[in-house]
Amino acid sequence: VKSSQMLAIMGPSGSGKTSLLDILGNRSGSGKIAGSILIDGAPRASSYYPAYVAQEDSLLGAFTTKETLMYAAALVLDYKIGYEGRLEKVNGIMSDLGLTNCADTIVGDLLFKGLS
C-alpha cells in the first residue's frame, strides 16, 4: 500500500483481523508467534512498525457507515472542500470498498452488534 492509499482488512468476528494488526504493529502481548514478517521479500527494519487505531478508539458505535466516514472526512479533509465534496469522496470510498449496501447500517460497538 503506497502513501495516501487505504487498505481495508475485512472479515467476520474472530477471523484474526485484530491479531494480524497486533502482530504487524508489534503490539501482541500474549501467545506464541512463529514465522517471519517480510516487506517486499526482505525482513522489515527493526524501526519499521505500521500504526493503527483500534476500532473501539476510532468509531462511534451509534453512527452509520456513511456517518462515520463523513465524520472522519470532516476531521481530515480541508474545510474548503465543503459538504458536497466530502460526500462525493465518502461515496467513492464506500463504492471502492463495497460498502454501499451497508451505508445506512449502524457500525455498532461492544454492547450493540452492528457491522463489526
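If you're wondering where the values come from, they're calculated on a predicted model, not measured in any experiment.

1. Details of the overall build of the protein chain
Alright, step 1. Along the protein chain, the regular secondary structure elements total four helices and two strands.
Alright, step 2. In the protein chain, buried positions account for 17% of the 116 residues.
Alright, step 3. Carbon and sulfur atoms make up 56% of the accessible area of the protein chain, which amounts to about 8900 Å² in all.

2. Some details on the nonpolar core
Alright, step 1. Residues Met-70, Ala-73, Leu-87, Val-90, Met-94, Leu-99, Cys-102 and Ala-103 constitute the largest nonpolar core, which totals eight residues.
Alright, step 2. Those elements that place two or more of their residues in this core are helix H3 (65-76) and helix H4 (82-96).
Alright, step 3. The element best represented in this core is H4, accounting for three residues.

3. Thoughts on the confidence of the model for the protein chain
Alright, step 1. Looking at the protein chain as a whole, its pLDDT mean stands at 82, while 90% of the residues score no less than 70.
Alright, step 2. Within the protein chain, the lowest mean pLDDT, 56, falls on helix H2 (residues 55-58), and the highest, 94, falls on H4.

4. Things to note about the environment of Pro-50
Alright, step 1. Tracing the backbone shows Pro-50 in the loop between strand S2 (42-43) and H2.
Alright, step 2. Overall, Pro-50 belongs to the partly exposed group, its relative accessible area being 33%.
Alright, step 3. Here the alpha-carbon distance between Pro-50 and Gly-25, two residues 25 residues apart in the chain, equals 5.3 Å.

5. Some thoughts on the packing of H3 against H4
Alright, step 1. Running from amino to carboxyl end, H3 crosses H4 at an angle of 125°, the nearest separation of the two axes being 9 Å. One finds that H3 runs oblique with respect to H4. Crossing angle aside, the handedness with which H3 passes H4 is right-handed. Contacts between H3 and H4 involve Thr-65, Lys-66, Leu-69, Met-70, Ala-73 and Ala-74 on the former and, on the latter, Tyr-83, Arg-86, Leu-87, Val-90, Asn-91, Ile-93 and Met-94.
Alright, step 2. Within the contact of H3 with H4, the residues separate by chemical class into nine nonpolar, two polar and two charged.

6. Considerations on H3
Alright, step 1. With twelve residues, H3 extends 17 Å from end C-alpha to end C-alpha; this agrees with the ideal 16 Å at 1.5 Å per step.
Alright, step 2. Within H3 the residues assigned to the buried category are Thr-65, Thr-68, Met-70 and Ala-73.
Alright, step 3. Buried residues belonging to H3 abut H4.

7. Points about a nonpolar patch on the surface
Alright, step 1. On the surface, Val-1, Leu-7, Ile-9 and Leu-20 cluster together into a nonpolar patch covering about 390 Å² of accessible area.
Alright, step 2. Take Leu-20: it is sitting in helix H1 (residues 17-24).

8. A closer look at the side chain of Arg-44
Alright, step 1. Structurally, Arg-44 is set in the loop between S2 and H2.
Alright, step 2. There is a polar contact of 2.7 Å between the side chain of Arg-44 and the backbone oxygen of Leu-24.

9. Some words on H4
Alright, step 1. With 15 residues, H4 ought to run about 21 Å at 1.5 Å a step, and its terminal C-alpha atoms sit 21 Å apart, in line with that.
Alright, step 2. Where H4 is buried, its residues contact H3.
Alright, step 3. Note on H4: the residue one or two positions beyond its end, Gly-98, has a positive phi of about 70°.

Cut-offs used in this document
Residues numbered from 1 in each chain as written. Predicted model: local features only at pLDDT ≥ 70, side-chain atom pairs only at ≥ 80, totals over all residues. Heavy atoms only, no water. Helix = DSSP H or I, 4+ residues; strand = E, 2+ residues; numbered from the N terminus. Buried < 20%, exposed > 50% of the residue type's maximum accessible area, 1.4 Å probe, protein only. Areas by Shrake-Rupley, 256 points an atom, 1.4 Å probe, with all protein chains shown as cover. Core = buried A, V, L, I, M, F, W, Y, C linked by side-chain atoms within 4.5 Å. pLDDT = per-residue confidence, 0-100. Axes fitted to C-alpha atoms, helices over the stretch in contact; angles between N-to-C directions. Parallel < 35°, antiparallel > 145°, perpendicular 65-115°, else oblique. Left-handed = near helix turned anticlockwise from the far one by under 90°. Contact = heavy atoms within 4.5 Å. Nonpolar A, V, L, I, M, F, W, Y, C, P; charged D, E, K, R; others polar. Expected span 1.5 Å × (residues − 1). Patch = residues over 30% accessible without salt bridge, like charges linked within 9 Å, V, L, I, M, F, W, Y side chains within 5 Å. Salt bridge = Lys/Arg side-chain N within 4 Å of Asp/Glu carboxyl O. Polar contact = N/O pair within 3.5 Å; in protein donor to acceptor, adjacent residues only side chain to side chain.

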